[in-house]
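Here are the chains, one letter per residue:
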Amino acid sequence: MPVLRMAELPWTELAALERERSVALLPVGAIEAHGPHLPLGTDCVIAEAMAAAAAERLDRRGLTALVLPALAYTAAPFAAAFPGTVSLSAATVTALLVEVGQSLAAAGLPLLAIANAHFDPTHVHALRTAVEELGREGKIAVAFPDLTRRALAARLTDEFQSGACHAGRYEGSLVLASRPDLVREDVRRKLPPHPISLTAAMREGKTTFAEAGGPEAYFGDPAAASREEGEATLDALAAILEEAVLAELDKMRF
Ligand SMILES: [Zn+2]
């Protein structure tokens, strides 16, 4: 069954769905610099692929999975100095997500699943705050597998876990697997590795990619990216999101 994309349906078809057995999947990305070889919308590309792959898994379980348009505008202060990056305040991002959740709840959708592919700490914190607020309101359940948590990160690649996880092998592979037409291959293949951990840089108080030692807005090893690795990672991401949804459904039943 093809993935249902909510924005492509007339409202009448949405209203006719078995909404109590549905899951709304929200891809969350960013518009931010991703090296000289990947598009500004890299995180949106990855989040959309993750949501679509999870939707297929959930459909196979008899649920109605609806993929929402990606949330593309968010907080991206680490990349803010690079042309093309769009960065909003954390408070705006939290309000946006809370109000999207409230609207979906009002439409009778019981569960929102967040497919997040952007890891700027300001952004992740804004998401966590929104999820807590929606939880307190209790109008819609939220599945938010936070990939920055160690237990989930451990299911992803070595580069991701090393913290050199911006526009390198990890993200490059995912874009090669989902939108290869957007990768500047001639540039990517020649980029030297840049194995600097953003996680460590953040701990040291660095607040921009340039301060962290990434003057071209990439970290890790872009030249080592491959479509095969991207497909395997996409499968892992989809499984993580599916599990988070099933865990929320379990809680709703009891
Ligand atoms: Zn990214």
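In case you missed it, the structure is sitting above this.
Another point: the coordination of the zinc ion. Within the protein, the atoms that donate to the zinc ion are His34 (NE2), Asp43 (OD), Glu171 (OE) and Glu171 (OE), at distances of 1.9 to 2.6 Å. Given four donor atoms and angles of 54 to 135° at the metal, the environment of the zinc ion is assigned as irregular. In terms of primary sequence, the donors binding the zinc ion are separated according to H-x8-D-x127-E. Of this pair, His34 sits in the loop between β2 (22–28) and α2 (42–60) while Glu171 sits in helix α7 (residues 169–178), placing them 137 residues apart in sequence. A relative accessible area of 2% places Glu171 in the buried class.

Among the seven residues in β2, seven count as buried, and that is most of the element. In this structure, β2 lies alongside strand β3 (residues 64–67), joined through four bridges in parallel fashion. By the bridge assignment, Val23 is partnered in β3 with Ala65. For the segment spanning β2, α2 and β3, crossover handedness is right-handed. With five bridges connecting them, β2 and strand β4 (residues 111–116) associate as parallel partners. Each residue of the ladder has a partner; that of Val28, found in β4, is Asn116.

On to unusual backbone geometry. Peptide bonds are trans in most cases, and residues, glycine excluded, mostly fall at negative phi. We note that Ala167 has phi near 65°; this positive angle belongs to a residue other than glycine. As for its position among the elements, Ala167 is in the loop between α6 (158–162) and α7. Phi at Ala217 is positive, roughly 65°, even though this residue is not glycine. In this structure, Ala217 sits in the loop between α9 (198–203) and α10 (227–253). A relative accessible area of 0% places Ala217 in the buried class.

For the rest of this paragraph, the subject is the packing of α2 against α10. Relative to each other, α2 and α10 sit at 60°, their axes nearing to 8 Å. By the angle between their directions, the pair α2 and α10 is classed as oblique. The hand of the α2/α10 crossing is right-handed. Touching Ile46, Ala49, Met50, Ala51, Ala53, Ala54, Arg57 and Leu58 of α2 are Leu234, Asp235, Leu237, Ala238, Ala239, Leu241, Glu242 and Val245, all from α10. Taken together, the residues of the contact of α2 with α10 sort by class into 13 nonpolar, no polar and three charged.

Grouped together as the largest cluster of nonpolar side chains are 47 residues, with contacts concentrated most on Val23, Leu25, Leu147, Phe160, Leu237 and Val245. Among the secondary structure elements, those contributing two or more residues to this core are β2, α2, β3, β4, β5 (141–143), α5 (150–153), α7 and α10. Looking at this core element by element, the count peaks at 10 residues for α2. Once residues within four sequence positions are removed from consideration, Phe160 is found in contact with Phe119, Leu147, Ala153, Cys165 and Tyr170.

It is worth spelling out the environment of Thr207 at this point. Its place among the elements puts Thr207 in the loop between α9 and α10. Taking relative accessible area as the criterion, Thr207 reaches 43% and is therefore assigned partly exposed. In this structure, the C-alpha to C-alpha distance between Thr207 and Pro121, residues 86 residues apart in sequence, is 9.7 Å. Excluding residues within four positions of it along the chain, Thr207 makes contact with Pro77 and Phe78.

Read from one edge to the other, the open sheet built from five strands follows the order β1-β3-β2-β4-β5, with strand pairing classed as parallel. Either end of the sheet is taken by a strand with one partner, and the two such strands are β1 (4–5) and β5. Contacts from α10 reach β2, β4 and β5, with the element oriented near 155° to β4.

Considering all chains together, one arrives at 14 salt bridges under this definition. Asp146 is the partner of Arg149 in a salt bridge, and the nearest nitrogen-oxygen pair spans 3.8 Å. Among the ionic pairs, Glu185 bridges to Arg188, the shortest N-O distance being 2.5 Å. Of this pair, Glu185 and Arg188 both sit in helix α8 (residues 185–188), three residues apart, which is roughly one turn of the helix. Arg188 gets classed as buried once you look at its relative accessible area, which sits at 4%.

Thresholds applied
- Residues numbered from 1 in each chain as written.
- Predicted model: local features only at pLDDT ≥ 70, side-chain atom pairs only at ≥ 80, totals over all residues.
- Heavy atoms only, no water.
- Donors = N, O, S within 2.8 Å, 3.2 Å for Na, K, Ca; no water.
- Tetrahedral: all angles 85-135°; square planar, octahedral: opposite > 155°, others 65-115°.
- Helix = DSSP H or I, 4+ residues; strand = E, 2+ residues; numbered from the N terminus.
- Buried < 20%, exposed > 50% of the residue type's maximum accessible area, 1.4 Å probe, protein only.
- Pairing = 2+ DSSP bridges.
- Right-handed = clockwise from strand over helix to strand, strands pointing away.
- Axes fitted to C-alpha atoms, helices over the stretch in contact; angles between N-to-C directions.
- Parallel < 35°, antiparallel > 145°, perpendicular 65-115°, else oblique.
- Left-handed = near helix turned anticlockwise from the far one by under 90°.
- Contact = heavy atoms within 4.5 Å.
- Nonpolar A, V, L, I, M, F, W, Y, C, P; charged D, E, K, R; others polar.
- Core = buried A, V, L, I, M, F, W, Y, C linked by side-chain atoms within 4.5 Å.
- Salt bridge = Lys/Arg side-chain N within 4 Å of Asp/Glu carboxyl O.

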